[in-house]
Amino acid sequence: MNGSRLRPLVTAGLALGSGFLVLAVGLTVAGYDPGLALGALWRGAFGSWYALTSATLVRAVPLIVLGLGVALAFRAGALNIGAEGQFYAGAIAATWVGLHVAGWPTPLAIGSVLLSAAVAGVLWIAVPVFLKIRFGVLEVISTLLLNFVAEAAVSYAVTGPLQEARGVYPQSDAIAEVARLPVLGGTRLHIGIVLAIVLALVLRVVFVRTRIGFRLRAVGLGPRAARVSGRIPVTRVLAAALLWSGAFAGLGGGVEISGVSYALFQNLSPGYGFTAIAVALLARLNPVGVLATGLLFGALEAGAQGMQREAGVPAVAVSVVEAVIILVVLLADVLARRRVAAPIADAPADARAS
Amino acid sequence: MSESTVILTGFLAAAVRISTPLLLAATGEMINERAGVINLGVEGAMLAGALASAVGAAAGGPWAGVGLAILAGVAVAGLFSMVAILARADQIITGTAVTLASVGLTGTIYRRAFGAAGPGLSLPTLGSIPIPGLKDIPVLGPALFDQPSLTYIAWLLVPLAWWFLFRSWWGLALRATGESGDAARASGVPVRRVQTLATLAGGALSGLAGATLVLAQVGTFAEKMTAGRGFIAIAIVVLGRWHPAGVLVAALLFGGASALQFALQAMGLAVPYQLFLVMPYGLALLALAGAVGKARAPAGLGK
């Protein structure tokens, strides 16, 4: 194994180590017992078969699916910060369809639920794509703003058209049995984990072996050069990358409804769409890497719940770990770039050219 | 006074009050964007400022809260500066991470300091300071001359920012940095220092914006209470075409969109409240679509 293959692993280890160091120091300063808290975090994530399958892996599924979507867009240099909103769009559509498929054959019911979720994700991101192409609006800001609109839409749905039949609680009824994903006996782990792995492998083939993958990377590394070369339809590649990214995120929302919650409610996602950015970056936008980092962050989210239960540390504290990981990866990238070519480092991959 | 005049007067006063934190944060973000730095950590700085103001106010009164909020905003912007300006990492992703860190930190500290359930924290707040005589002007009086001190400060910052950006040497250096870092550096401007200082100033104003939210509007802190106002401030900068007066008008527009909620309720219109929640975000998208083509961003923004 040569140095360039090893470096992502070193960076990941460094980032992870820094994240936990900051957490441990922070917990100590705040007056918690860091040993107890970190132990609880470990037990919450890996302490038992149930913790591994029903806490860690169940959370890893949406993180992997959304992380793949984010990686897809970032590869083309399109910064989709709106996976959270697309997830919710998918979840709303999946719930609506899931409530109407009683009596259908199972494969058709599940297929309709997941497909409608992916389509909803595409429609949700179509707005930023249109604004970017037609008016040059930065997709960073437009996708971000739509997250808040999506959350309001969920709030409206669960108190209005999709509210449960008695009209008491702000949530939907449970979707039809036939629309639910099969579950591994004795756990909450559903078949979505297989779907996530398959998607990652497919995306890996697309990235490495096909012309689409080459185009994505060319546009991501320098849209101007790609445009000047005349061989690559830059706008179309960007639009396609974003729309597919939305499809993944929407699908993630559908899988969550169909595999885990069976119903729609507010705060269905504990910020999966934002964590997915860390998942994708830490994996260096590599789909197989996303499997690993998705699992890691799933463990972190699961462990955070354990930490809150056992040690009284607010689960939201792990957001700090995630942020530190992103920052360390960014810094490691900068250092690597400087070592490779000092003068050219002044022109980083032109991610925000609109 | 007729009923419609009462509603209009109330609407304008609410619009100005609601727009104040947006105006402060957007003025700050405008300054660092003029220096070529786009900071998505505004949201995080604002959130940190909001919590710091609550902690400070609980301990030492509202003005201690204001001071602590400014420090918190500067600290968050300082973290951003270290990664995005000194190390030159991607500004967008750095800003996102910084905001994420703020969400985690403020949530943790808040629960640690004020209890997990977050009981309604009641804080000493900044009341409005009516200006004798002027506040009695019909319709506009209460909107412009019966506001908390932080609103007056926000409005005074508008001409001040204009003077600084367009009439002072430092403003010239700052704008040159934003247009072309290389050219500015060649003519002797310390580019990194200018960008860092501009970002810290932006952070200070974002922190102040958070304090305004807590001490002059809501009167308490809640997790994620900024609810994307920092991102809306970024949209306001674009809509205001990177000009202090434009930013003021754009901020008022957003304040107005939010205030419409109360006005329409007062008129007895029954619309789902979520529609009002999304109005500022929808407006921001429309504004960006309409504004981007015509206005020109600083050429070196984000580089």
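If you're wondering where the values come from, they're calculated on a predicted model, not measured in any experiment. (Residues numbered from 1 in each chain as written. Chains lettered and ligands numbered in written order. Predicted model: local features only at pLDDT ≥ 70, side-chain atom pairs only at ≥ 80, totals over all residues.)

> Got a minute to help me understand unusual backbone geometry in this structure?
For residues besides glycine, phi is generally negative; the peptide bonds are generally trans as well. With a phi close to 60°, Tyr-262 of chain A is a non-glycine residue in the positive phi region. Along the polypeptide, Tyr-262 of chain A turns up in the loop between helix H10 (234-261) and helix H11 (272-282). Classification of Tyr-262 of chain A as partly exposed rests on a count of 19 C-beta atoms within 10 Å. In this model, Arg-241 of chain B sits at a positive phi of 55°, which is unusual for a non-glycine residue. Following the sequence through the fold, Arg-241 of chain B ends up in the loop between helix H10 (229-239) and helix H11 (244-266). The class for Arg-241 of chain B is partly exposed, based on 18 C-beta atoms found within 10 Å. (Helix = DSSP H or I, 4+ residues; strand = E, 2+ residues; numbered from the N terminus. Buried ≥ 20, exposed ≤ 12 C-beta atoms within 10 Å, placed from the backbone.)

> Would you mind showing me how to read helix H6 (residues 139-159) of chain A here?
For an α-helix, the turn length of 3.6 residues means that residues three or four places apart are oriented alike. Taking 1.5 Å as the rise per residue, H6 of chain A with 21 residues should run 30 Å; its terminal C-alpha atoms sit 30 Å apart, in good agreement. Where burial is concerned, most of H6 of chain A is hidden: 17 out of the 21 residues are buried. (Expected span 1.5 Å × (residues − 1).)

> Just checking my understanding: could you explain the interface of chain B and chain A for this structure?
By convention, interface size is frequently given as the accessible area that disappears when the constituent parts associate. On the chain A side, the residues contacting the 38 residues of chain B number 37 residues. If you list the elements that add at least two residues to the side of chain B that touches chain A, you get helix H4 (91-114), H10 and helix H12 (273-292) of chain B. The element contributing the most residues to the side of chain B that touches chain A is H4 of chain B, with 15 residues. Across the side of chain B that touches chain A, the residue classes break down as 24 nonpolar, 10 polar and 4 charged. (Contact = placed C-beta atoms within 7 Å. Nonpolar A, V, L, I, M, F, W, Y, C, P; charged D, E, K, R; others polar.)

> How do you make sense of the packing of helix H3 (residues 49-75) of chain A against H10 of chain A when you look at a structure like this?
Two packed helices can be described by the angle between their axes and the distance between those axes. All names here are of chain A. Between H3 and H10, whose axes approach to 7 Å, the crossing angle comes to 175°. One element, H3, and the other, H10, form an angle in the roughly antiparallel class. Note on element contacts: H10 touches H3 through Ala-241, Leu-242, Trp-244, Ser-245, Phe-248, Ala-249, Leu-251, Gly-252, Val-255, Glu-256 and Val-260, opposite Val-58, Val-61, Pro-62, Val-65, Leu-66, Leu-68, Gly-69, Val-70, Leu-72, Ala-73 and Arg-75. Residue composition of the contact of H3 with H10, grouped by class: 17 nonpolar, 3 polar and 2 charged. (Axes fitted to C-alpha atoms, helices over the stretch in contact; angles between N-to-C directions. Parallel < 35°, antiparallel > 145°, perpendicular 65-115°, else oblique.)

> Would you mind going over the environment of Ile-92 of chain A with me for this structure?
Mapped onto the elements, Ile-92 of chain A comes out in helix H4 (residues 83-98). Apart from the residues lying within four places of it in its own chain, the contact partners of Ile-92 of chain A are Ala-120, Ala-153, Val-154, Ala-157 and Leu-264 of chain A.

> What should I look at first to understand the confidence of the model for chain A in this one?
Atom-level detail of predicted coordinates should not be read off regions where pLDDT is low. Residues and elements named next belong to chain A. Per-residue confidence for chain A averages 89 on the pLDDT scale, and 94% of its residues sit at or above 70. Confidence scores differ between elements of chain A, with helix H9 (residues 223-229) showing the lowest mean pLDDT of 78 and H4 the highest of 97. Note that residues 342-354 has pLDDT below 50 and, in this model, 21 contacts with residues that lie over four places away or in other chains. (pLDDT = per-residue confidence, 0-100.)

> I tried to follow the environment of Gln-274 of chain B on my own but got confused; where do I start?
Residues and elements named next belong to chain B. Among the structural elements, Gln-274 can be located in helix H12. Judged by C-beta crowding, with 18 C-beta atoms within 10 Å, Gln-274 ranks as partly exposed. Remark: the alpha-carbon pair of Gln-274 and Ile-31, spanning 243 residues in sequence, is separated by 33 Å.

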